[in-house]
Amino acid sequence: MKPRTLIILGIVTAGTAGLAAYTMVRESARVTARDQSGPAFAGLGDRINDVAQVRVVHGKDELTINRTADGWAIAQRGGYPAKPEKIREAVVALTELEFTEPRTSNPSAYPEIGVQDPADGADSTLVELKDAKGGRIAGLIIGENKPGGGFIAEPTFFARREGEPQSWVARPGAGTQRLEASTDPMQWVERSILGIGKDRVKSAQIVHADGQGTVLVTHDTKESADFRLADMPAGAELLFPTSPERVASALAFVSMDGVSPAAEHPITQPDSTAEYRTFDGLLLTVRAKKDADKTFVAFDAAIDPAATTVEDATKKEAADLHARLSPWVFEVPEFQAKNFMSRMSDLLKPPPGEKPPNLPEGVQPMDIPGPPQGPIGPAAPPDAPPPAVPPQPPPGQQPSPVAPPR
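From a predicted model like this one, the values you see are computed outputs, not experimental measurements.

## Looking at the confidence of the model for the protein
And step 1. Here the protein shows a mean pLDDT of 84. Residues at 70 or above account for 75%.
And step 2. Low confidence marks residues 365-381, where pLDDT is under 50. Its contacts with residues over four positions away, or in another chain, come to 10 contacts.
And step 3. This stretch, residues 399-406, has a pLDDT under 50; its non-local contacts, to residues over four places away or in other chains, come to 1 contact.

Here it is, written out as structure tokens:
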């Protein structure tokens, strides 16, 4: 055999051996990674009580929730309380999460499945649990949903343990569809602020800072059905029979769109101040302030000085409401804010020719009368002519035949 041929055969043999070795190493790495599938964070269930901080990062946004002596508090909202069940859901979801299939460990390929380190413009989300000393208990980078096949696809997604190169297909536990983690503080709080039923309200008074009128709504007894609007102008009529009730029931369900510490966002010069007095001696004050297209309110609770007898349960309620609400200023939805800031003109029918208050700009009130009613239905028009009667032939004469249509 010629020397040239031997050299070529040697090169081919070496290349084949090298390719086989590379394939074996790569397959061995895949097998090793697959063997490591299972719980994403083994042993996390034993350390649940050690979790003292939940941190969520998405792009430039960050949310930190710390465990305090009084419960869980959101750092980005001045320590406003977070819902304990939301924290529990996040921790349990990490505890039950499983890694099922290995994916890329090449950092340059991370963006393809969304598991790159969180940074400005990245779609990934980091969820991190820390202990009281700041030590990391668990950290997961959540990527994109994994496309599924079949009629019902599994709710799997791509993920990677923080600080490790290997990425995975992750499958939530039986009790969760997907590990949801948001940097929006409103997703972690109880958005319902207050619920005092209208049946408890004895009176509601709204005073406006501009001096343009005061609204006073009263309820004679707890058993009476209707609320009365005091000091109505002579000849005025309510816009709706329930207009006074709308003011009195403003506290029945109050929700928020945002919250901040009162020390950082004080309402020192409110546009209006509303006072709600209950039959059992509770006094709740609502100070409201409009700022552009948002309305902010501050609540406070106390015992009504005019109340003659106040039970201990009401005193405790007043103290609890004061402690829970007075340190904060809340942004409330516009439809709720209108109830706290009602004017007399909002509750009365407008003079003839004027549109009702609070009607959107460009919308005209509709006044379409229905047809006049007869004894058993719509009456006929007053000047309607009698129905036509076809002419009759003289007695004894047969009617002329009519040719059928062609």
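Let's pick the thread back up.
## Describing the packing of aromatic side chains
And step 1. Enumeration over the complete set of coordinates arrives at 6 aromatic pairs.
And step 2. Taking the centre distance of 4.9 Å and the plane angle of 80° together, the rings of Tyr-80 and Trp-328 count as edge-to-face. Residue Tyr-80 is located in strand β5 (residues 80-81), and its partner Trp-328 is located in strand β20 (residues 328-332); the two are separated by 248 residues in the primary sequence.
And step 3. A relative accessible area of 10% means that Trp-328 is categorised as buried.
And step 4. Three or more aromatic residues link up through ring pairs in this structure, and these residues are Tyr-80, Tyr-276, Phe-299, Trp-328, Phe-330 and Phe-340.
And step 5. Positioned over the ring face of Trp-188 is Lys-86, at 5.9 Å from the centre of the ring.

## What to know about the pattern of salt bridges
And step 1. Applying the stated rule across the entire model yields 24 salt bridges.
And step 2. The salt bridge partner of Glu-85 is Lys-83, with a shortest N-O separation of 3.9 Å.
And step 3. Across the salt bridge formed by Lys-289 and Asp-271, the nearest N and O atoms sit 3.5 Å from each other. Taken together, the residues Lys-289 in strand β18 (residues 282-291) and Asp-271 in the loop between β16 (258-261) and β17 (272-278) connect sequence positions 18 residues apart.
And step 4. Judged by its relative accessible area of 31%, Lys-289 is partly exposed.

## As for unusual backbone geometry
And step 1. In the Ramachandran plot, Asp-231 falls in the positive-phi region, its phi being about 60° despite a non-glycine side chain.
And step 2. Among the secondary structure elements, Asp-231 is positioned in the loop between β14 (228-229) and α4 (243-248).
And step 3. Of note in this structure, Ala-292 is not a glycine but carries a positive phi near 60°.
And step 4. Tracing the sequence through the fold places Ala-292 in the loop between β18 and β19 (294-303).
And step 5. Taking the relative accessible area as the measure of exposure, Ala-292 reaches 70% and is therefore exposed.

## Comments concerning the environment of Thr-221
And step 1. Among the structural elements, Thr-221 can be located in the loop between β13 (214-218) and β14.
And step 2. Between the C-alpha atoms of Thr-221 and Asp-199, which are 22 residues apart in sequence, the distance is 9.1 Å.

## Some remarks on the sheet that holds β20
And step 1. One open sheet accounts for 8 strands, arranged β14-β13-β12-β17-β18-β19-β20-β16; its pairing is antiparallel. With partners counted over all chains shown, the strands left at the sheet margins are β14 and β16, one partner each.
And step 2. Sheet topology places β13 next to β14; 2 bridges connect them, and they run antiparallel. In the strand pairing of β14, Thr-218 is matched with Arg-228.

Scoring rules and cut-offs
- Residues numbered from 1 in each chain as written.
- Predicted model: local features only at pLDDT ≥ 70, side-chain atom pairs only at ≥ 80, totals over all residues.
- Heavy atoms only, no water.
- pLDDT = per-residue confidence, 0-100.
- Contact = heavy atoms within 4.5 Å.
- Phe/Tyr/Trp six-rings, centres within 6.5 Å; stacked < 30°, edge-to-face > 60°.
- Helix = DSSP H or I, 4+ residues; strand = E, 2+ residues; numbered from the N terminus.
- Buried < 20%, exposed > 50% of the residue type's maximum accessible area, 1.4 Å probe, protein only.
- Lys NZ or Arg CZ within 6 Å of the ring centre and 35° of its normal.
- Salt bridge = Lys/Arg side-chain N within 4 Å of Asp/Glu carboxyl O.
- Pairing = 2+ DSSP bridges.

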